[in-house]
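# A closer look at the structure
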Amino acid sequence: MKSRLNCYFDPKLADQLTELALRQGVHRSQLVEAAVASFLSPDALDRREAAYARRLDRLSRQLERVERDLTIAIEAQALFVRFWLSVTMPIPAEHQAAAKAQGTQRYQNYIATLGRRLQRGESLVQEISVEIWPERHQAASPDRADAEPAPDDEPAEAAHV
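This write-up is about the structure you can find in this document. (Residues numbered from 1 in each chain as written. Predicted model: local features only at pLDDT ≥ 70, side-chain atom pairs only at ≥ 80, totals over all residues. Heavy atoms only, no water.)

### Some thoughts on the overall build of the protein
The condition that has to hold: Only DSSP runs of H or I reaching four residues or more are called helices, and only runs of E reaching two or more are called strands; each is numbered from the N terminus. Only protein chains enter the calculation, and the probe is 1.4 Å; a residue is then buried if its accessible area is under 20% of its type maximum, exposed if over 50%, and partly exposed in between. By definition in these notes, contact holds between two residues if any of their heavy atoms fall within 4.5 Å. Per-residue accessibility takes into account occlusion by the displayed protein chains alone, with areas from the Shrake-Rupley method and a 1.4 Å probe.
A count of helical and extended segments in the protein gives six helices and zero strands. Listing every helix and strand of the protein by position from the N terminus yields α-α-α-α-α-α. In the protein, which comprises 161 residues, the share counted as buried stands at 7%. Across the protein, every contact between residues at least 6 apart in sequence was considered, and the portion connecting residues at least 24 apart equals 51%. Of the roughly 14200 Å² of accessible surface on the protein, a fraction of 59% belongs to carbon and sulfur atoms.

Now the structure itself:
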């Protein structure tokens, strides 16, 4: 003998339950009973734990990629700053206004180039990966051209820096 229980559902959920029962050709109570039995079974807990473990593994891999990319970005910036500081001569006071104007123009070119690269989805990490492991990228997309930057990627002033 079965026990009678009264349950209250959100109207949308009740409508979905009714539609499923009609499609399956069973009573709503049979669907609810099967769902509760599945939820309470020990296998359901194992399945949920396995799903959580897969999600956590995926999140861990994504976080590792973010950490790797951040490390590359920090090292690239540090290397650039060290190089720039070691080769850049102080600017005499009488040339500082012109240097500031040229610096402003170079910065605007840099921002424009960065914007174009971001719009196309390009990244330094991808370029480094292609340079280090070209065989992986050629195998992944054989019809892809080599990852050479387009001529408009470099500001006109870049060659004179």
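Resuming the write-up.
### Thoughts on the pattern of salt bridges
Heads up, the condition is: Salt bridges are defined by distance alone: a side-chain nitrogen of Lys or Arg within 4 Å of a carboxyl oxygen of Asp or Glu.
Inspection of every chain in the model, using the stated rule, returns three salt bridges. Notably, a salt bridge pairs D69 with R68, separated by 2.9 Å at the nearest N-O pair. Between E127 and R117 there is a salt bridge, with its nearest N and O atoms 2.7 Å apart. Of the two residues, E127 is situated in helix α5 (residues 124-132) and R117 in helix α4 (residues 96-120); the sequence distance between them amounts to 10 residues. Classification of E127 by relative accessible area gives partly exposed; the value is 22%.

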